[in-house]
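Close look at the chain arrangement
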Amino acid sequence: QVQLVESGGGLVQPGGSLRLSCAASGSIFSINDMGWYRQAPGKERELVAAITRGGGTNYAESVKGRFTISRDDAKNTVYLQMDSLKPEDTAVYYCNAVGRTANWARFGSWGQGTQVTVSS
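Below is a short write-up of the structure.

Definitions and limits used
Residues numbered from 1 in each chain as written. Predicted model: local features only at pLDDT ≥ 70, side-chain atom pairs only at ≥ 80, totals over all residues. Heavy atoms only, no water. Helix = DSSP H or I, 4+ residues; strand = E, 2+ residues; numbered from the N terminus. Contact = heavy atoms within 4.5 Å. Areas by Shrake-Rupley, 256 points an atom, 1.4 Å probe, with all protein chains shown as cover. Lys, Arg positive; Asp, Glu negative; His and termini not counted. Charge placed at Lys NZ, Arg CZ, Asp CG, Glu CD. Buried < 20%, exposed > 50% of the residue type's maximum accessible area, 1.4 Å probe, protein only. Polar contact = N/O pair within 3.5 Å; in protein donor to acceptor, adjacent residues only side chain to side chain. Pairing = 2+ DSSP bridges. Axes fitted to C-alpha atoms, helices over the stretch in contact; angles between N-to-C directions. Phe/Tyr/Trp six-rings, centres within 6.5 Å; stacked < 30°, edge-to-face > 60°. Lys NZ or Arg CZ within 6 Å of the ring centre and 35° of its normal. Core = buried A, V, L, I, M, F, W, Y, C linked by side-chain atoms within 4.5 Å.

Topic: the overall build of the protein chain
Each helix and strand in the protein chain was counted, giving 0 helices and 11 strands. Each helix and strand of the protein chain, ordered N terminal to C terminal, gives the series β-β-β-β-β-β-β-β-β-β-β. In terms of overall dimensions, the protein chain has C-alpha extents of about 50 × 25 × 25 Å along its principal axes. Taking as baseline every contact in the protein chain between residues at least 6 positions apart, the subset at least 24 positions apart corresponds to 54%. Approximately 6,300 Å² of the protein chain is accessible, and the part contributed by carbon and sulfur atoms is 47%. Seen as two clouds, the 12 positive and the 10 negative side-chain charges of the protein chain have centres 4 Å apart.

Structure, rendered in structure tokens:
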């Protein structure tokens, strides 16, 4: 079983920055893709950014140039640096990871979510 724990959310003013972290733990052999999703009230969950094991990245159009995803495989951790935050970035942010456990079973896990609120 693989668990993901997010941290770093909070309240920030428009134009401010936050850095989210998500650490994976458990019986992990390897992690392939890692990503960040968000869900605002009344809306569907959407992909914000994703990163492959090789470092390839993909971003939602709405966050390109403002958000940066990165990962530290030695720590099984993915980060999301969020700059120039806007009120429309307000949402619960979830991290996701897919890979293989120590007994070679595939896994796909979600974190519990962390609230990001952008408001003056």
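The discussion continues.
Side note on the side chain of R38
Structurally, R38 is set in strand β4 (residues 28-39). For R38, a relative accessible area of 7% puts it in the buried group. There is a polar contact of 3.3 Å between the side chain of R38 and the side chain of S62. Reaching out from R38, the side chain makes a polar contact with the side chain of Y93 at a distance of 2.9 Å. Ignoring sequence-local partners within four residues, the contact set of R38 consists of E44, R45, E46, V48, S62, V63, F67, E88, D89, A91, V92 and Y93.

Some thoughts on the sheet that holds strand β1 (residues 2-7)
Strand order in the open sheet formed by 4 strands is β1-β3-β8-β7, and the pairing between neighbours is antiparallel. Each of the sheet's edge strands pairs with one partner strand only, and the pair in question is β1 and β7 (67-72). Averaged over all neighbouring strand pairs, the angle between strand axes comes to 15°, with direction disregarded. Looking at chain direction, β7 and strand β8 (residues 77-82) are connected through 6 bridges and run antiparallel. When the bridges of β8 are listed, D72 appears paired with T77.

Thoughts on the side chain of T114
Tracing the sequence through the fold places T114 in strand β11 (residues 114-118). Among the polar contacts listed, one links the side chain of T114 to the backbone nitrogen of G9, at a separation of 3.3 Å.

What about the packing of aromatic side chains?
Here the structure, examined in full by the defined rule, presents 2 aromatic pairs. Aromatic side chains F29 and W104 sit 5.0 Å apart centroid to centroid with 75° between the ring planes, which places their arrangement in the edge-to-face category. Separated by 75 residues along the polypeptide, F29 in strand β4 and W104 in the loop between β9 (91-101) and β10 (106-110) bring together distant segments of the chain. Judged by its relative accessible area of 52%, F29 is exposed. R19 extends its terminal NZ or CZ atom over the ring of Y79, reaching a point 4.1 Å from the ring centre. Above the face of the W110 ring, R45 is positioned so that its terminal group lies 4.7 Å from the ring centre.

Overview of the nonpolar core
Core analysis: the biggest nonpolar cluster contains 31 residues, and W36, L80, M82 and Y93 have the highest contact counts within it. At the level of secondary structure, the elements contributing two or more residues to this core comprise β1, β3 (18-26), β4, β5 (46-51), β7, β8, β9 and β11. Discounting residues that sit within four places of it in the chain, Y93 has contacts with E6, L20, W36, Y37, R38, V48, F67, L80, M82, G113, T114 and V116.

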